[in-house]
Amino acid sequence: MKSVVTTVIAAADAAGRFPTSSDLESVQGSIQRAAARLEAAEKLAANLDNVAKEAYDACIKKYGYLNNSGEANETQVKKDKCLRDIKHYMRLINYCLVVGGTGPLDEWGIAGGREVYRALDLPTAPYVEALRFARTRGCAPRDMSAQALVEYNALLDYTINSLS
């Protein structure tokens, strides 16, 4: 799994060199932000079901036509799967907060995700909307500290941009 440490080491190895001082500064910055990332991961884990449900509700409010007959969210089974997928992205964001890199999202959420949605004729815009809602809803200090919110929002932005 990719983390800032494994990414720096792999890049240096691929270039046939030892990590540079800027590589090490990148690792040091990640380590310094670790407490904020872990705080965000803890808060997200404690509220994951609520965050995902609110995000799902917001995306269905914006894309209400998806509940119509013949659309991607027409049955309860499909609605449950949509909520499950939003929870999946939120869990991957949580894993990324813990490891300090985008590896879990890259490996398990983004790689092939758009192709799967296309193959199943599912729009990605509702997922993007759900993640945008989760990003907008987060508030410091109500939900977490300002630095923890920065770390959380950065991963939401990364996911949003990857699905857009």
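Predicted model only: the values in this text are computed from it and were never measured. (Residues numbered from 1 in each chain as written. Predicted model: local features only at pLDDT ≥ 70, side-chain atom pairs only at ≥ 80, totals over all residues. Heavy atoms only, no water.)

**Thoughts on the overall build of the chain**
Working step 1: If you tally the helices and strands in the chain, you get eight helices and zero strands.
Working step 2: Mapped from its N terminus to its C terminus, the chain presents α and β elements in the order α-α-α-α-α-α-α-α.
Working step 3: Projected onto its principal axes, the C-alpha coordinates of the chain cover approximately 60 × 40 × 20 Å.
Working step 4: Within the chain, the proportion of its 164 residues that are buried is 40%.
Working step 5: Pairs at least 24 residues apart make up 68% of the contacts formed inside the chain by residues separated by at least 6 positions.
Working step 6: Carbon and sulfur atoms make up 56% of the accessible area of the chain, which totals about 9000 Å².
Working step 7: Separation between the mean location of the 20 positive side-chain charges and that of the 20 negative ones in the chain comes to 4 Å. (Helix = DSSP H or I, 4+ residues; strand = E, 2+ residues; numbered from the N terminus. Buried < 20%, exposed > 50% of the residue type's maximum accessible area, 1.4 Å probe, protein only. Contact = heavy atoms within 4.5 Å. Areas by Shrake-Rupley, 256 points an atom, 1.4 Å probe, with all protein chains shown as cover. Lys, Arg positive; Asp, Glu negative; His and termini not counted. Charge placed at Lys NZ, Arg CZ, Asp CG, Glu CD.)

**Overview of the packing of helix α3 (residues 34–62) against helix α4 (residues 76–99)**
Working step 1: One way to put it is that α3 packs onto α4 with a least axis distance of 9 Å and a crossing angle of 160 degrees. Accordingly, the angle class assigned to the pair α3 and α4 is roughly antiparallel. When the axes of α3 and α4 are compared, the crossing they make is right-handed. (Axes fitted to C-alpha atoms, helices over the stretch in contact; angles between N-to-C directions. Parallel < 35°, antiparallel > 145°, perpendicular 65-115°, else oblique. Left-handed = near helix turned anticlockwise from the far one by under 90°.)

**Focus: the packing of aromatic side chains**
The geometry of two aromatic rings is summed up by the distance between their centres and the angle between their planes.
Working step 1: In this structure the tally under the stated criterion is three aromatic pairs.
Working step 2: Consider the rings of Y95 and W108, whose centres lie 6.5 Å apart with planes at 90 degrees: the pair is edge-to-face. Taken together, the positions of Y95 in helix α4 and W108 in helix α5 (residues 103–110) put the pair 13 residues apart, joining distant regions of the chain.
Working step 3: Residue Y95 is classed as partly exposed on the basis of its relative accessible area of 41%. (Phe/Tyr/Trp six-rings, centres within 6.5 Å; stacked < 30°, edge-to-face > 60°.)

**Let's talk about the nonpolar core**
It is characteristic of soluble globular proteins that their nonpolar side chains tend to be buried jointly.
Working step 1: Ranked by internal contacts, the top residues of the largest apolar core, which has 36 residues, are I86, M90, I93 and Y152.
Working step 2: When residues of this core are traced back to their parent elements, those giving at least two are α3, α4, α5, α7 (125–137) and α8 (146–163).
Working step 3: The biggest single contributor to this core is α3, with 11 residues. (Core = buried A, V, L, I, M, F, W, Y, C linked by side-chain atoms within 4.5 Å.)

**Some points on the side chain of N73**
Working step 1: Position of N73 relative to the elements: it lies in the loop between α3 and α4.
Working step 2: Note on N73: relative accessible area 3%, which makes it buried.
Working step 3: Apart from residues lying up to four places away in sequence, N73 is in contact with Y56, I60, L66, N67, K78, K79 and C82.

**Some details on the environment of N153**
Working step 1: Positionally, N153 belongs in helix α8.
Working step 2: Classification of N153 as buried rests on a relative accessible area of 11%.

Don't take any of this as a statement about function, it's just geometry.
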